[in-house]
Amino acid sequence: QVQLVESGGGLVQPGGSLRLSCAASGIFFSLNNMAWYRQAPGKQRELVATIFSGGSTNYADSVKGRFTISRDNAKSTAFLQMNSLKPEDTAVYYCKAARAGQSYWGQGTQVTVSS
């Protein structure tokens, strides 16, 4: 049974920081590419950041320089460090594991940036 469980979301003021975690089970974590997506109300889900099995990373232009994706293969966990948060970062954040044409999604965690 594959499970991806996100945590770390919440309410934060503009300029603040949050660290999201995605704990995986039931997959060979180190062989999977891990990604964070987000979906704001009324908008399509968008790719935020990817960390490949080899460790390289990609970011959406809107979060470059503010967000950092990382992974701990020993703990089967991916992270998204979010700094300098803006109201437009408000969304449900989802993690995704992908390998060889198969992908799995977590249930999402809400991030709200508001004063």
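Residues numbered from 1 in each chain as written. Predicted model: local features only at pLDDT ≥ 70, side-chain atom pairs only at ≥ 80, totals over all residues. Heavy atoms only, no water.

Looking at this structure, how should I read the pattern of salt bridges?
Pairing is possible between side chains that carry opposite charge, provided their charged atoms lie close to one another. Applying the stated rule across the entire model yields four salt bridges. Between glutamate 46 and arginine 38 there is a salt bridge, and its shortest N-O distance comes to 2.6 Å. (Salt bridge = Lys/Arg side-chain N within 4 Å of Asp/Glu carboxyl O.)

Quick question: what am I supposed to make of the pairing of strand 1 (residues 3–7) here?
The side chains of a regular strand alternate between the sheet's two faces. Here strand 1 shows a clear split, with Leu4 and Glu6 buried on one side and none of Gln3, Val5 and Ser7 buried on the other. Of the pairings in the sheet, the one linking strand 1 to strand 3 (residues 18–25) comprises five bridges and is antiparallel in character. Bridge assignment links glutamate 6 to a residue of strand 3, and that residue is cysteine 22. (Buried < 20%, exposed > 50% of the residue type's maximum accessible area, 1.4 Å probe, protein only. Helix = DSSP H or I, 4+ residues; strand = E, 2+ residues; numbered from the N terminus. Pairing = 2+ DSSP bridges.)

I tried to follow the nonpolar core on my own but got confused; where do I start?
Generally speaking, nonpolar side chains in soluble globular proteins are found buried as a group. Among the nonpolar cores identified, the biggest contains 28 residues, and Trp36, Leu80, Met82 and Tyr93 are the most heavily contacted of them. Of all elements in the fold, only strand 3, strand 4 (33–39), strand 5 (46–51), strand 7 (67–72), strand 8 (77–82), strand 9 (91–99) and strand 11 (109–113) reach the threshold of two or more residues within this core. If sequence neighbours within four positions are ignored, methionine 82 has contacts with Gly16, Ser17, Leu18, Leu20, Arg66, Phe67, Tyr93 and Val111. (Core = buried A, V, L, I, M, F, W, Y, C linked by side-chain atoms within 4.5 Å. Contact = heavy atoms within 4.5 Å.)

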